Each structure stands twice: as structure tokens, then as C-alpha cells.
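So the chains spell out like this:
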Amino acid sequence: MDILALVERIGEAPTAAIFGLITGMIFGVAAQRSSFCLRAATIEFARGRLGDPVAVWLLCFSTALVWVQAADLAGLMRTEDARMMAVPGSWSGAIIGGLIFGAGMVLARGCPGRLLVLAATGNLRSVVSGLIFAVLAQMSLHGWLSPLRDKLAALWITPGGRNVNLIDAAGLPDISGLLLGIFCAAIALWMAYRNRISIRKLVFGAGVGFSVAVGWVLTFGLSEVSFDPVQIESLTFTGPSANTLMFFLERPAILHFDIGLVPGVFLGSFLAAWIARDLRLQGFESEVNMRKAMIGAALMGFGGMLAGGCSIGAGVTGGSIFAGTMWAALAAMWVGGMATDYLVDQNRGAARTA
């Protein structure tokens, strides 16, 4: 792709939005067909099972590591220039926000990326939860909750004005990230073989991780030819959901990567579900589930913004460049999700059978 020619023809902002649209569509198709979901993987792991959700999640994560680290070694991007790495990270925000996000993810029955994918297939529960998530994310970014978020994030900041690159901090060679990705991919494929997961599902699961690399490479390429500074970024849903919401509420509206990303995911998921005949309207099963979903969406909005990203943004996108606080956020999300499943769902089920 001749990025310079595209920029000269339509401008930098529309090009960034198109790149977001492309990245989002790849993710939307892959996530819809693979049923990728960190919440499902967390619950499976918490209950001592290593089934399809865990295998698909690990395959996605490892694929992102392989493609992103290979792109970095090939000079198609520079991880140190990524926005997540070029600004200070918050250890306190990652841990506290990750725990809150993980709890919300289980209550809402899906992470923001999964909710967006389901909303595109006609799931009205996900539409409501997604809107609440976007509103709370915006409140945490610029609204009433932003002072609390700032205070919590300021408790423990990475030194030197930048995030921590775990590979550099450990003194490991640059190829270590790629090798770790290959190792994790081998484990994921072994789990897939053990669970008899179809080749088609594996391809789409790997496509989720591939979409993360696409976003990194496209925004890096745009930054190389743009006159104005361009953020090097990729898939995440906390900030983009808030920005997309405000894009349709404010004037003048400004195009950028985020504005193409969210509609791209929705469009890709819709097309994939339409082709597979998976489109169907669904609502809340009960008032209890509705309350849990609304509370969970609110927790994810604040927790994701505090953590610096959602389960995709921090857990896969940030993890693929070995940003230290993003790995801490991912670990906290797993802990928060497993604890919430144990306290809310498993204990309730045990009480009913007692």
C-alpha cells in the first residue's frame, strides 16, 4: 500500500480513519467467527477447565506477539515509538483498574470488544451495556470521574517519563519477544488439538491477533509520511468507544484512527454474522442479569480507562509490545475476573444446590 499517495489524495485524518476501519473490520470478522472472549477464557480457567475459550484466547495473544515482534524486527514498526510506550505508565492504575475491569467484565458477560461484536449481531443486551461503557469511559477521561482516575493513577508511576519495556528491563535480546510468541502459539495449538477445535476457528482466532499487528504497522507507516505528529496505536476499545460517542455528539467532528475503528468492528462483525446467518435479536433474560450487566459495564468503563486499556487494548495490543503496565493490567484483569466469578456465580450456584 502506498500510504504517501493515499495521504496526498485524501489527507492525513481521513487516512487514519480508513486505517482504523480496516483494522476494525479484520478484528470484527475474526472475533465474530472465533467467539474470542477474555471473559469466557477467564471463567473457564477459574473453574479448572482448559477448553475452547482459553485455547482461542492464547492463540490470539500469541499470534499478536509473533506478528508484532516480527514487524518490529523487520523495521515495519518501532515499539518504542508506540504511544503506550512513549508516555509514563501507571502501575497503580494498571493494577487497580485491571481488577475493577475484570470484575465488570464478568458481570457484564463480555469485554467491550465482545460486546461490540455481539451488538452487531442483534444482541440488545450488548447494545445497552456498550453505551453505558462508553459513557463511563468518557466520564473517566474528561468528566466527573477524571479527578478520581488521576489520583489513583498517580499513586505509582513508571520512572523516566516512559513506560517500561519488559524485554529491555530483563536484559533479553530483541528476538525474545518473537520466541515467546512462538512458544505460546505451540501451547495454544496443543490445547486446540486436545479440544478438537476446527481449523476454521483457529484461523479466525489467529486473525484477532493479526488485526493488532495490522493496526500497529498501518499507524506507524502513516507516522512516517505525515507532516503532523501521528499516534502509533492499534486495537483498544476504552478510549475509542468514548471518542466515537463524542464524535457523533460534538461539532466540529474530527476524524482519526479511533473513529474508524469502532464502526469497522461493528461492520465486520455484522457482515460475518450475516453471511453465517447468525443475526438474531436478543435481550436481557431477567432483571437480575440486566442489573449485573449495567453495573459491569460501568465498572469496565472506569476500570479500563484507569488501567490504560481494555482486555484487548491492554491485554493484547499493549502486551504485544511488552509494555510493562499493560502486562500488569492483563494479570489484574484475570485475577479480578476469576475472583468475581467465584464470589458471584460459583458461590451462588453452590448455594442453590445446597
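Residues numbered from 1 in each chain as written. Predicted model: local features only at pLDDT ≥ 70, side-chain atom pairs only at ≥ 80, totals over all residues. Heavy atoms only, no water.

Going by an unreviewed UniProt entry, the protein chain carries the name Sulfur transporter and comes from Rhodovulum bhavnagarense. Annotation of the protein chain in UniProt includes, under Subcellular location (unreviewed entry), the sentence "Cell inner membrane". Regarding the protein chain, the UniProt comment filed under Sequence similarities (unreviewed entry) reads as follows: "Belongs to the TsuA/YedE (TC 9.B.102) family." (UniProt positions renumbered as here; feature names shortened; annotations may be inferred.)

Caption draft 1: Spatial organisation of the packing of helix H2 (residues 12–34) against helix H12 (residues 199–225). Where H2 meets H12, the axes come as close as 7 Å, and the angle between the chain directions of the two elements is 170 degrees. Our classification of the angle between H2 and H12 gives roughly antiparallel. Its residues placed into classes, the contact of H2 with H12 shows 14 nonpolar, 7 polar and 3 charged. (Axes fitted to C-alpha atoms, helices over the stretch in contact; angles between N-to-C directions. Helix = DSSP H or I, 4+ residues; strand = E, 2+ residues; numbered from the N terminus. Parallel < 35°, antiparallel > 145°, perpendicular 65-115°, else oblique. Nonpolar A, V, L, I, M, F, W, Y, C, P; charged D, E, K, R; others polar.)

Caption draft 2: How the structure looks around the pattern of salt bridges. Using the criterion set out here, one finds 8 salt bridges in the structure. One salt bridge in this structure joins arginine 78 and aspartate 81, with 2.6 Å as the shortest N-O distance. The class of aspartate 81 is partly exposed, set by a relative accessible area of 29%. Overall, arginine 78 belongs to the partly exposed group, its relative accessible area being 34%. A network of salt bridges, in which partner residues are shared, links Arg78, Asp81 and Glu224. (Salt bridge = Lys/Arg side-chain N within 4 Å of Asp/Glu carboxyl O. Buried < 20%, exposed > 50% of the residue type's maximum accessible area, 1.4 Å probe, protein only.)

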